[in-house]
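# Topology and contacts: notes
Chain residues, written in single-letter form:
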Amino acid sequence: MHNINRRTFIKVAAVSFASFLAGCGVEEKKNLSIKFLRQIVTKNISDSRCVMWQVDKPLKNPAVELKTNDDKKIFPAQDSTFIDDGRTIFQYTAQIELGNEFRIVDGSAVGDWHELKNSPTENFKAIIFPDSQCGGDYDTWGSVARQAFKNNSDANFFINVGDIVDNGEDNSQWEDWLEQVEDFLPKIPFAPVMGNHETYSRDWKIRQPVAYLNYFAPPDNGIENFSRRFYSFDCGAAHFAILDSQWEELGREVIEAQKKWLRQDFSQTDKPWKIIFIHKDVLQYRINGRPERQEGFSEVGEIFMPEFESLGADAVFTAHLHTYRNRGRLKNFQADENGTLYILTGLSGNVRYSGLWIDHALDKFVAPQPETDNYLTLEGDEKFLSVKCFLPDGELIDETTLQKI
Ligand SMILES: [Fe+2]
């Protein structure tokens, strides 16, 4: 009598079942192993999304399958593999329409279904994270982000205002950053902002931000030399422009290119709210122990504040200094109730500049010192805009509301 153990029986049964399905014209579906499945914002996140994901080995027919109310659609993916930090990152990118659920497919292999939340056409809500760069591991970033997502599961997208990682070439940092929020990345679109740390090489020199530009595919700005470095998108009643403040690192040509692009970009939107994100701050702070340094405006402020204000930007969010400060509304370099709201967004990593900055005359609210971490929410409709700043435990520490009459 031929003995058969339980494992062999299961194997034989599985092969027989697969043969039976193949005989019926039904292909076996295999689990597709992917990582860092993420949504990136598109020009209008109310009607489309960019989906990206990474794999260990190249795929043959990668695509996104979309389930709608009465149909299924396939959106072929582009190979967006890149090499950086001595590693080949096999990844794919697809532009998809909105529907109920999506999953990654590769021939007969399929990934898990993920809910695809539609964005409203008027109301909008975003979670804003300041610099998430960390020394050591990215646990601090992960715990701030997970709490913010848990408390704001109704957000339409999230944004990081630059210095996402400490060293832009170190692939282990990008992987750690992505892993910390891997559960949330398929659920909510991400709007990246480039910071100076994205341009640092492993030996702390300046280089092109290869990893940043490849990991995230935001909307095209139409300017070949500056592709993915600045861009804009719509969500509900707001138009968002994401700018690049890294001209010290990557060359000053980006200043005029951006000014021209921003004028044209803002002239083409009819959204009631126009909101800007740029990594480096607009003010210059005095620094403890450096009496020669004067209070004033940074070069970013001197160059771009008049532009922002003449173009009618309602709010500008900055980062880079790892401190949360609300300056209220400014115009012509001074407080003005008809001006643009300027908020320095704080810190969501573990690199702290405790006691470094001396308060600026234009600071209206400064986070409790010494600072821990924080995140913000930005929500609104056609008439109202609300900005709230929270500590990681969800305690509200600052709030500003703007209104359109
Ligand atoms: Fe920075």
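Conventions used here
- Residues numbered from 1 in each chain as written.
- Predicted model: local features only at pLDDT ≥ 70, side-chain atom pairs only at ≥ 80, totals over all residues.
- Buried ≥ 20, exposed ≤ 12 C-beta atoms within 10 Å, placed from the backbone.
- Helix = DSSP H or I, 4+ residues; strand = E, 2+ residues; numbered from the N terminus.
- Pairing = 2+ DSSP bridges.
- Contact = placed C-beta atoms within 7 Å.
- Expected span 1.5 Å × (residues − 1).
- Arc of directions from axis to C-beta.
- Domains from an automatic or database assignment.
- Nonpolar A, V, L, I, M, F, W, Y, C, P; charged D, E, K, R; others polar.
- pLDDT = per-residue confidence, 0-100.

Turning our eyes to something else, we now look at the pairing of strand β24 (residues 340-345). Across the 6 residues of β24, 6 count as buried, placing the element largely inside the fold. Relative to β24, strand β21 (residues 315-318) runs parallel, the two sharing 4 bridges. Within β24, the position partnered with Val 316 by the bridge is Tyr 342. Taken together, the 5 bridges between strand β22 (residues 324-331) and β24 define a ladder with antiparallel strand orientation. Residue pairing in the sheet places Tyr 324 in a bridge with Thr 345 of β24.

Below, the discussion takes up the environment of Val 387. Residue placement: Val 387 occurs in strand β28 (residues 384-390). Residue class for Val 387 comes out buried when judged on the 23 C-beta atoms lying within 10 Å of it. Between the C-alpha atoms of Val 387 and Ser 354, which are 33 residues apart in sequence, the distance is 25 Å. Those residues in contact with Val 387, other than ones at most four positions away along the chain, are Ala 315, Ile 343, Leu 376, Leu 378 and Thr 400.

In this section: helix α7 (residues 299-310). In a regular helix each residue adds 1.5 Å, so 12 residues correspond to 16 Å; α7 covers 17 Å between its end C-alpha atoms and thus fits that length. Residues Val 300, Gly 301, Phe 304, Met 305 and Phe 308 constitute the buried set of α7. Along α7, the residues classed as buried sweep out an arc of 120° about the axis, all on the same side. Residues of α7 that are buried sit in contact with β17 (273-278), β18 (283-284), β20 (296-297), β21 and β24. Immediately downstream of α7, the backbone of Gly 312 shows phi near 80°, a positive value.

Next up on the list: the pairing of strand β27 (residues 375-380). Burial analysis of β27 places 6 of its 6 residues in the buried class, the great majority of the element. Residues Tyr 375, Thr 377 and Glu 379 point to one face of β27 and Leu 376, Leu 378 and Gly 380 to the other, with burial holding for every one of them. Taken together, the 5 bridges between strand β12 (residues 124-129) and β27 define a ladder with antiparallel strand orientation. In the sheet register, Ala 126 faces β27, and the bridge partner there is Leu 378.

Below, the discussion takes up the domain arrangement of the chain. When the domains of the chain are assigned, the result is domain 1 (30-115) and domain 2 (124-403). Each of domain 1 and domain 2 has a C-alpha centre, and the two are 27 Å apart. With 22 residues of domain 1 at the interface, the matching set in domain 2 holds 24 residues. If one sorts the elements of the side of domain 1 that touches domain 2 by residue count, strand β2 (residues 35-40) sits on top with 5 residues. Of the residues belonging to the side of domain 1 that touches domain 2, the class tally is 8 nonpolar, 7 polar and 7 charged.

A few words now on the environment of Gly 328. Position of Gly 328 among the secondary structure elements: in strand β22. Note on Gly 328: 17 C-beta atoms within 10 Å, which makes it partly exposed. Sequence separation between Gly 328 and Phe 190 is 138 residues, and the spatial gap between their C-alpha atoms is 26 Å. Once residues within four sequence positions are removed from consideration, Gly 328 is found in contact with Ala 335, Leu 341 and Lys 364.

Bringing the confidence of the model for the chain into the picture now. Mean pLDDT over the chain stands at 93; residues scoring 70 or higher make up 93%. Scored below 50 in pLDDT, residues 6-26 shows 5 contacts in the model against residues more than four places distant or in partner chains.

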